[in-house]
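What the coordinates show
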Amino acid sequence: MNRSLSYIIKYALIIFALIALAILDVCTGSNKIPLSDIMDYIFGSSDMSVDYQFTIREFRLARLITAMIAGAALSVSGLLMQTIFRNPLAGPYVLGISNGASLGVAVIVLGSGMFLPSADVSNFAILIAAGLGAAAVLMLILAVSLRVRDILSILIVGILVSGVVASVVNVMQFFSNEVNVKSYVVWTMGSLDSVSFNDSVVLIPVCLIMCAVLYMFSKKLNILLLGEQFAVSMGLNIKWLRVIIFIGVSVLTGAVTAFCGPLGFIGLAVPHISRWIFNTSDHFVLVPASMILGAAFLLCGDILSHTLYSQGVLPINAVISILGAPFIIWIVFKNQRTVI
Amino acid sequence: MMGEVVLNIEGLVFGHKAPLVSQAVDISASAGDFICLVGRNGTGKTTMLSTLIGVKKPLAGHISICGVPLDRISAREKSRYISFVPSKVEAVLNMRIRDLIAVGRSPYTNIFDRRTKADEAIIEDFIQKFGLSDIVASMITEVSDGERQKAMICRAMVQQTPVILLDEPTAFLDFFAKRKLLSDLKKIASEENRCIIFSCHDLEIAAKYCSHIWLLDDRKLESVTVDEFLNGGYFSKYQ
């Protein structure tokens, strides 16, 4: 069938782009590694200097893996949220999960400053706090979605919870000291550099297993696209489907937020890019496509955040939004007819 | 000519929390029947349909299709006995008409939705029968309401259920399209030997094509012939 052939070609192209970006990403950083050295090393024609090998092993690889996993996880989350809420504006953050994570981090970063003079919070503590915050919001959303049938009500609850949690964080910022506010704000700007290789060992299996599990629900999600009443007539249990997807998305976004901070934009934009490139609504195609494109998208952001400003690293959140938004606007205009 | 009884409803009471009928519903329908569910706004037509497709649980009573009680089988299996066409098909982003029709095979496919050659043959067969070949490659958002509706009905045929329910299929169609749709459905019911039940507010057109009318009035549901319906005082009662 020529349609599956076109999918194969498109997949091949985006995978190729991803590999190219990954190699480029390994080159970029405060200590630049020449592309030729890496190419030679990959194709085994020469040895790389011990210096470069150390940099790659200790810093670049962790950053590369984090960027790819985070991009993939957020994109899949966004895709699933857009389907479950049947709203092209939904993203991984509509449930307020990442705000929950932010609250957790705020409590520990800002809260510590209220009682202790200096903010010296370990990375590990931030992880735990973010995880707990995300879990707390998830529990609330699950409780609501098991009682409420109307998906719009769940969306409203999610948005309100986000708002309340953000306000609580604001109040905490108001009462906190400058140093802590700054370190909290820096966390919210997102970072791929704070993940060590050991951390990424946790992130990889969690995210990949979750994405694989969610992929198994593609058939159900394809049916859900045609409306909830119809989906029930096809034998779907909507409530449980929602619960499972919410748990999956929360684990993905919670884990990514805990490690990298609240990375915006990707989860909203990449599913649209995937639909545009593959021109389909089939989740069996879109889930892997979103993972690859999400990984590639975040790598682009990472490369640019390291190269645009020679004196240091720009906040990744700002970079992906500034550079990504015009691209999305262009897609929306091109695709106008099919965007509801 | 009477087909075998495919849908049998016994002692059914439906409603949200309070029953919408004062008298339990005992009614049956046969293969080849083309039944119009008639009732004024608020009498419970939609609730009745929702109960049949399993969105709502019946307050009492049993529904069985081809002798299989629906409350004894899983929701997934149920979709092999009864299919549903909503009144408005969602304008899904980037979905092709063919994908929509292929969803009809999903009750028979595995978790990865792998369709066999036989599944594809059934899909192609009905695409031909419905004359949809020209638009199967189009996006759902590119075709008219009428064409989308037709594709959704084609999808229900592909699902190969003995009973097909349609919720106000004529709601978004113009006068001529309504007549065309109902005459097509009537033909399908008799040629494919399916039992088709639809709710409708266009009583004159519906009465022209359907074989029976299920009249939901005075908190009870009864099956009447078209003649009985037209002469039974239903119209004069509400004028």
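Located above this text is the structure these notes cover.
All of the points below concern the structure found in this document. (Residues numbered from 1 in each chain as written. Chains lettered and ligands numbered in written order. Predicted model: local features only at pLDDT ≥ 70, side-chain atom pairs only at ≥ 80, totals over all residues. Heavy atoms only, no water.)

Residue and element names in this part refer to chain A. Under the criterion given, the structure shown has 15 aromatic pairs over all chains. Seen in terms of ring centroids, Y11 and F278 are 4.9 Å apart; in terms of plane orientation they differ by 50°. Their pairing is tilted. Remark: F278 occurs in helix α12 (residues 266-278) and Y11 occurs in helix α1 (residues 2-27); sequence separation between them is 267 residues. Among the residues examined, Y11 registers a relative accessible area of 19% and is labelled buried. The exposure class of F278 is buried, given its relative accessible area of 1%. (Phe/Tyr/Trp six-rings, centres within 6.5 Å; stacked < 30°, edge-to-face > 60°. Helix = DSSP H or I, 4+ residues; strand = E, 2+ residues; numbered from the N terminus. Buried < 20%, exposed > 50% of the residue type's maximum accessible area, 1.4 Å probe, protein only.)

This brings us to the packing of helix α3 (residues 50-84) of chain A against helix α8 (residues 197-215) of chain A. All names here are of chain A. Their axes nearest at 9 Å, the elements α3 and α8 cross at an angle of 25°. One way to sum up the angle between α3 and α8 is to call them roughly parallel. Relative to α8, α3 is oriented so that their crossing is left-handed. Touching R57, L61, A62, I65, T66, I69, A73, V76 and L80 of α3 are F197, S200, L203, I204, C207, L208, C211 and L214, all from α8. (Axes fitted to C-alpha atoms, helices over the stretch in contact; angles between N-to-C directions. Parallel < 35°, antiparallel > 145°, perpendicular 65-115°, else oblique. Left-handed = near helix turned anticlockwise from the far one by under 90°. Contact = heavy atoms within 4.5 Å.)

Time to look at the pairing of strand β3 (residues 34-39) of chain B. Residues and elements named next belong to chain B. Where burial is concerned, most of β3 is hidden: 6 out of the 6 residues are buried. Side chains F34, C36 and V38 of β3 all project onto a buried face; the interleaved residues I35, L37 and G39 project onto the opposite face, where all are buried too. Across 4 bridges, β3 lies against strand β8 (residues 195-199) in parallel orientation. Bridge assignment links I35 to a residue of β8, and that residue is I197. Of the pairings in the sheet, the one linking β3 to strand β9 (residues 212-217) comprises 5 bridges and is parallel in character. Considered in β9, the bridge of V38 is made with L215. (Pairing = 2+ DSSP bridges.)

This part is about the interface of chain A and chain B. Counting from both sides, the interface comprises 27 residues of chain A and, opposite them, 35 residues of chain B. When the two sides are added together, the surface that chain A and chain B hide from each other amounts to roughly 2,800 Å², 60% of it contributed by carbon and sulfur. Our enumeration of links across chain A and chain B arrives at 1 salt bridge. At the junction of chain A and chain B, the tally comes to 7 residue pairs in polar contact (both at pLDDT 80 or more). Counting only elements with at least two residues in the side of chain A that touches chain B, the list comes to α9 (218-224) and α10 (228-233) of chain A. Of the residues belonging to the side of chain A that touches chain B, the class tally is 12 nonpolar, 9 polar and 6 charged. (Buried area = accessible area lost by both parts, 1.4 Å probe. Salt bridge = Lys/Arg side-chain N within 4 Å of Asp/Glu carboxyl O. Polar contact = N/O pair within 3.5 Å; in protein donor to acceptor, adjacent residues only side chain to side chain. Nonpolar A, V, L, I, M, F, W, Y, C, P; charged D, E, K, R; others polar.)

Residues and elements named next belong to chain B. If you walk across this open sheet you meet the 4 strands as β2-β1-β4-β5, and the pairing is antiparallel. What marks the edges here is a single partner per strand, and that holds for β2 (25-30) and β5 (68-69). Here strand β4 (residues 60-65) runs beside β5; their pairing, made up of 2 bridges, is antiparallel. Across the sheet, I65 pairs through a bridge with V68, a residue of β5. Where helix α1 (residues 45-53) meets the sheet, it contacts β1 (5-13) and β4, and its direction lies at approximately 115° from that of β1.

The analysis is restricted to geometry; functional conclusions fall outside its scope.
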